[in-house]
Amino acid sequence: MSDSVPMWTESGDAGATGRGSRAVFRGVGPPRGTDLLADPTLNKDTAFTEAERDEFGLRGLLPWRVVSIDEQVDIEMERIRRKADDLEKYIGLAALHDRNETLFYRVLLNNLDELAPIVYTPTVGQVCRLFGKVMRRQQGLWITPDDVDRIPDLLRNTGRPDVRLIVATDNERILGLGDQGAGGMGIPIGKLALYTAGAGLHPTSTLAISLDAGTDNEGLLADPHYLGYPKPRLRDGAYEAFIEAFVEAVLEVYPHTVLQWEDFKQHNAIRLLDRYRHRLASFNDDVQGTAAVVAAGILTALRVTGQPLSAQRLVLLGAGASGIGIARLFEALLRDAGLSAREVRRAVVLLDSHGLLYEGRDHIADDKRLHVLPRQEFEDYGFQPIDPIDLSTVIHHVVPTVLVGASAVPGAITEAAVREMASRVATPLVLPLSNPTSLAEATPSDVFAWSNGRALVATGSPFEPVKVDGHERVVGQANNVFIFPGIGLGTIVSCAHEVTDRMFQVAATTLAGLVSPDRLATGALYPGLSELRTVSRAIALAVARTARDEGIGRMADDEQLEAAVDAAIWTPDYPQASSSELDEC
Ligand code: NAD
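Reading the values: rules and limits
- Residues numbered from 1 in each chain as written.
- Predicted model: local features only at pLDDT ≥ 70, side-chain atom pairs only at ≥ 80, totals over all residues.
- Heavy atoms only, no water.
- Helix = DSSP H or I, 4+ residues; strand = E, 2+ residues; numbered from the N terminus.
- Rg over C-alpha atoms; globule rule 2.2 N^0.38 Å.
- Buried < 20%, exposed > 50% of the residue type's maximum accessible area, 1.4 Å probe, protein only.
- Contact = heavy atoms within 4.5 Å.
- Areas by Shrake-Rupley, 256 points an atom, 1.4 Å probe, with all protein chains shown as cover.
- Lys, Arg positive; Asp, Glu negative; His and termini not counted.
- Charge placed at Lys NZ, Arg CZ, Asp CG, Glu CD.
- Phe/Tyr/Trp six-rings, centres within 6.5 Å; stacked < 30°, edge-to-face > 60°.
- Lys NZ or Arg CZ within 6 Å of the ring centre and 35° of its normal.
- Pairing = 2+ DSSP bridges.
- Axes fitted to C-alpha atoms, helices over the stretch in contact; angles between N-to-C directions.
- Expected span 1.5 Å × (residues − 1).
- Near = heavy atom within 4 Å.
- Polar contact = N/O pair within 3.5 Å; in protein donor to acceptor, adjacent residues only side chain to side chain.

I keep staring at the overall build of the protein chain and nothing clicks. Help me out?
Along its length, the protein chain carries 26 helices and 14 strands. By the compact-globule yardstick of 25 Å for 585 residues, the protein chain fits well, its C-alpha radius of gyration being 24 Å. Buried residues in the protein chain amount to 61% of all 585 residues. In the protein chain, once contacts between residues fewer than 6 apart in sequence are set aside, the share between residues at least 24 apart is 71%. When the accessible surface of the protein chain is summed, it comes to about 22200 Å², and 51% of that surface belongs to carbon and sulfur atoms. Seen as two clouds, the 56 positive and the 79 negative side-chain charges of the protein chain have centres 2 Å apart.

Dropping the structure here:
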């Protein structure tokens, strides 16, 4: 294939991530002239070569100079940096995506540190709230209760014959912002942009889906311009039937796809994950991705402190989807480290909005029951059953080495709590995870101040470095983006029919091993976002090996898996790369 030949002259052989299938699927020849420029998947703008301009009727439709993609990236970054605020930057990037998809991904990939916070958190929270006003061009698929009998048709309407990764949300718990109705679509769109930038999944092999089951957001229901399904949310049997019809449709139309459940409210999140995880390759990033990224932060911190994993005690402020996910994975790691069942129950302690979760307390939802502090441990720790038992009291009795905030309550990690922790452990590890930034349970500068600079801190949202005793401390971001692209890619490449807990464990250990000594020296517990492709590749490989070793993925040796992972990673460039030797499941 010559460098000047555009992607639509490839054969129709769909690669591991769906490359090369578009022209054949359309059943028509490649577009020419203005049609070609108007197709964001094929458009190269000023990068069309002289030969292409002749061949595809582009003469006169473009200015004289042929520009390289790298120059185009510089020009686009200049435009984006001139925008007045982050929302405007998001809108500018969305316009670029609508015009020239390849260039959009190249810009994003080359500037991940700067642009990930624009295409995803924290800016995406604002985008979800203003979705109807921000979005210009349709992206993704909308499924409402009116469609329950025709979901396979809707999936086919996308024009994407080989979707390998779906991110679907029912919009009920968008970041820490609650029910955003149709605006929640900003989240799967943002996540998929990061899948492509982070793991090189080709955009045509991905699909963002809004399971628009209505909304209970009164403001949206009262808004005459609301674009979503303007009725109260489906509940109970009707909701379950809606989700079941969706899963059946996915299995029918895209039997080899990986499904990521995204931003479902706690009880639905855990129940749907557990119900469907063995029926199709699926996972919930809020539950499992968060757990893996937090576990990675803890394992990285142990590289700094030199302590064994088996000696850690974890207090989780927040027992929602992410809190329970973190508890599940951390408990599995402790079991692997040799702790008995009883020691594990004692080492992981959760609080929710009613305080400490302990056996015999009122208001305990079913999905939290496995994580209550057993009566014996409650007594051994010296607690008295006077509700609510607050964070400082829990820290006083449990003496955790790790404190994680996943409550979406700003300020919930208090000065008293951190001071108490710092008075009992040499290097407290504190992770205020809640997003967006305004919801963080504590700021890094406060945690450093309250711990006399001894704490190790990582956050869910990006924070600027903090000067502590004259030294700059970099605040690593416990961003799920370090996990989910590699999980998705590894599952696809291995053709695994399930996404297992073990895969998240190996993702966590792999990520922890990739934090460079230089980053560790600054106090950062995670790599920089510019390292995302390296991280995702390593995790994908570890996941594919795990799938093989667990007997649920393709049987291939390490070298073949490595070659398959590399072949499946798309680099946004105008000529397309060749497909993988292990493409077909
Ligand atoms: P959720 O709604 O499922 O759970 C929230 C939990 O917090 C519930 O258990 C609730 O009872 C508890 N809670 C509420 N008020 C509390 C209080 N005052 N004290 C203690 N607990 C309290 O939400 P979730 O999906 O678990 O997400 C929680 C937050 O974590 C969100 O802001 C989300 O953006 C963030 N999060 C961050 C990351 C990340 O950065 N890697 C990943 C996932 C979630």
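I keep staring at the packing of aromatic side chains and nothing clicks. Help me out?
What characterises a pair of aromatic rings is the spacing of the ring centres plus the angle enclosed by the ring planes. Going through the model one piece at a time under the given rule, you end up with 12 aromatic pairs. For the ring pair Y105 and W570, a centre distance of 6.0 Å and an interplane angle of 75° mean the geometry is edge-to-face. Placement of Y105 in helix α6 (residues 101–110) and of W570 in the segment after α26 (558–568) is noted, with a sequence separation of 465 residues between them. Accessibility assignment for this pair places Y105 and W570 in one class, buried. Centre to centre, the rings of Y358 and F378 are 4.3 Å apart; their planes meet at 25°, and the pair counts as stacked. In this pair, Y358 is assigned in the loop between β8 (355–356) and α18 (375–380) and F378 in helix α18, connecting sequence segments 20 residues apart. Pair check on accessibility: Y358 and F378 agree, each one buried. Here the aromatic cluster, defined as three or more aromatic residues joined through ring pairs, consists of F246, W261, F264 and Y276. Positioned above the aromatic ring of Y381 is the side chain of R346, whose terminal nitrogen or guanidinium carbon lies 4.2 Å from the ring centre.

It is not clear to me how the sheet that holds strand β5 (residues 282–284) should be interpreted in this structure. Could you clarify?
Neighbouring strands of a sheet are bound in pairs by backbone hydrogen bonds; such pairs are parallel or else antiparallel. Read from one edge to the other, the open sheet built from five strands follows the order β1-β3-β2-β4-β5, with strand pairing classed as parallel. With partners counted over all chains shown, the strands left at the sheet margins are β1 (141–143) and β5, one partner each. Each strand of the sheet is rotated relative to its neighbour by a mean of 25°, with strand direction disregarded. Relative to β5, helix α14 (residues 266–276) is tilted by about 160°, and along the sheet it contacts β4 (258–262) and β5. In the packing of helix α15 (residues 285–305) onto the sheet, contacts are made with β4 and β5, and the angle to β5 comes to roughly 75°.

Help me understand the environment of A564 in this model?
Mapped onto the fold, A564 is located in helix α26. Classification of A564 by relative accessible area gives buried; the value is 2%. Note: C-alpha distance between A564 and I151 (413 residues apart in sequence) is 32 Å.

Would you mind showing me how to read helix α11 (residues 186–199) here?
Because an α-helix packs 3.6 residues into every turn, residues spaced three or four apart end up facing the same way. Compared with an ideal rise of 1.5 Å per residue, which puts 14 residues at 20 Å, α11 spans 20 Å between its outermost C-alpha atoms and is within 8% of the ideal. Within α11, 14 of the 14 residues are buried, which leaves it mostly tucked inside the rest of the structure. One or two positions beyond α11, positive phi appears at G200, with a value near 75°.

I keep staring at the site of the ligand and nothing clicks. Help me out?
Near the ligand, the surroundings consist of 24 residues, among which R173, A319, S322, A478 and N480 are the closest. Taking D352, its main chain carries an N or O atom lying 3.4 Å from a nitrogen atom of the ligand. Within the backbone of L433, an N or O atom sits 3.4 Å from an oxygen atom of the ligand. Contact with the protein chains removes 85% of the 850 Å² of surface that the ligand exposes when unbound.

Help me out: how do you make sense of unusual backbone geometry in this one?
Most peptide bonds are trans, and most residues other than glycine sit at a negative phi. Residue P388 is reached from D387 by a cis peptide bond, and omega for that bond is -10°. Residue placement: P388 occurs in the loop between α18 and α19 (391–398). Cis geometry is found at the peptide bond from N435 to P436, where omega equals -10°. A positive phi angle is found at H363, which is not glycine, with a value near 55°. Among the structural elements, H363 can be located in the loop between β8 and α18. Classification of H363 by relative accessible area gives exposed; the value is 56%. Backbone geometry at C495 places phi at a positive 55°, although glycine is not the residue there. On the secondary structure map, C495 appears in the loop between α22 (484–494) and α23 (501–513). Judged by its relative accessible area of 21%, C495 is partly exposed.

Is there a simple way to explain α14 in this structure?
All of the buried residues along α14 are Q266, N268, A269, I270, L272, L273 and Y276. Buried residues in α14 make contact with α13 (236–253), β4, β5, α15 and α16 (321–336).

Looking at this structure, how should I read the sheet that holds strand β14 (residues 476–477)?
The seven strands lie next to each other as β8-β7-β6-β9-β10-β11-β14, forming an open sheet whose pairing is mixed. Of all the strands in the sheet, the pair left with one neighbour each is β8 and β14. Two strands pair when backbone bridges link them, and strand β11 (residues 456–459) and β14 are joined in this way by two bridges, in the parallel orientation. For A458, the partnering residue across the bridge sits in β14 and is G476.

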